[in-house]
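Listed here are the chains, written in short residue letters.
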Amino acid sequence: QVQLVASGGGLAQPGGSMRLSCAASGFTFSTYAMSWARQGPGKGLEWVSGIYSDGEVAYYTDPVKGRFTISRDNAKNTLYLQMNSLKPEDTALYFCARGLARIDEYDYWGQGTQVTVSS
């Protein structure tokens, strides 16, 4: 019933930009905090960014601060991650998830969208 469908990934050059989207359905999207997490090659799952239900407060992991922006459109049940100044180390499978405080507490996850940053 609950579905999170991530899209927008692909290949980008270093320094480029990309916007990821996560379409949510099956629940009242506007009442839940949401996050983006990623898993790079040979790496564990890393939390990237999170946003409260009303979109007023957002958080970022240090490596992406100043480059990534999380946002949401509750009227469209959609979560976004705008990624600028991309670096090769941003290469990962990006997941959207329902939750914010701890990754192991997130109860629903999207299938992920692949982002590859390479020249």
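Scroll up to find the structure this text is about.
These lines cover the structure that appears in this document, whether it is placed above or below. (Residues numbered from 1 in each chain as written. Predicted model: local features only at pLDDT ≥ 70, side-chain atom pairs only at ≥ 80, totals over all residues. Heavy atoms only, no water.)

A short note on the packing of aromatic side chains
The full count for this structure, using the stated rule, is five aromatic pairs. Residues Phe 27 and Tyr 32 carry aromatic rings whose centres are separated by 5.5 Å and whose planes lie at 85 degrees to one another, so their mutual orientation is edge-to-face. Centre to centre, the rings of Tyr 106 and Trp 109 are 5.6 Å apart; their planes meet at 40 degrees, and the pair counts as tilted. Trp 109 sits in the partly exposed class, given a relative accessible area of 32%. An aromatic cluster is present here, built from Phe 27, Phe 29 and Tyr 32 joined pairwise through their rings. Its guanidinium or amino end placed over the ring of Phe 27, Arg 98 lies 4.9 Å from that ring's centre, counting from NZ or CZ. (Phe/Tyr/Trp six-rings, centres within 6.5 Å; stacked < 30°, edge-to-face > 60°. Buried < 20%, exposed > 50% of the residue type's maximum accessible area, 1.4 Å probe, protein only. Lys NZ or Arg CZ within 6 Å of the ring centre and 35° of its normal.)

Remarks on the nonpolar core
Residues Leu 20, Trp 36, Phe 68, Leu 79, Leu 81, Met 83 and Tyr 94 are the most contacted members of the largest nonpolar core, which totals 26 residues. Secondary-structure elements contributing two or more residues to this core are strand S1 (3–7), strand S3 (18–25), strand S4 (34–39), strand S5 (45–51), strand S7 (68–73), strand S8 (78–83), strand S9 (92–98) and strand S11 (113–117). Per-element accounting of this core gives the leading share, four residues, to S3. (Core = buried A, V, L, I, M, F, W, Y, C linked by side-chain atoms within 4.5 Å. Helix = DSSP H or I, 4+ residues; strand = E, 2+ residues; numbered from the N terminus.)

A word on the pairing of S9
Of all seven residues in S9, six are buried, a share of seventy percent or more. Relative to S9, S4 runs antiparallel, the two sharing six bridges. Residue pairing across strands places Met 34 opposite Arg 98, the latter belonging to S9. One ladder, built from three bridges, connects S9 with S11; its direction is antiparallel. Within S11, the position partnered with Leu 93 by the bridge is Gln 114. Where S9 and strand S10 (residues 108–109) come together, two bridges link them in antiparallel fashion. Bridging from a neighbouring strand, Arg 98 pairs with Tyr 108 of S10. (Pairing = 2+ DSSP bridges.)

Notes on the side chain of Arg 67
Assignment of secondary structure puts Arg 67 in the loop between strand S6 (58–60) and S7. Looking at Arg 67, its side chain comes within polar contact range of the main-chain oxygen of Ser 85, at 3.0 Å. When neighbours within four sequence positions are excluded, Arg 67 is seen to be in contact with Gln 82, Met 83, Asn 84, Ser 85, Leu 86, Lys 87 and Asp 90. (Polar contact = N/O pair within 3.5 Å; in protein donor to acceptor, adjacent residues only side chain to side chain. Contact = heavy atoms within 4.5 Å.)

Some thoughts on the side chain of Ser 21
With respect to the helices and strands, the residue Ser 21 is situated in strand S3. For Ser 21, the contacting residues outside a window of four places in its chain are Val 5, Ala 6, Ser 7, Trp 36, Thr 78, Leu 79 and Tyr 80.

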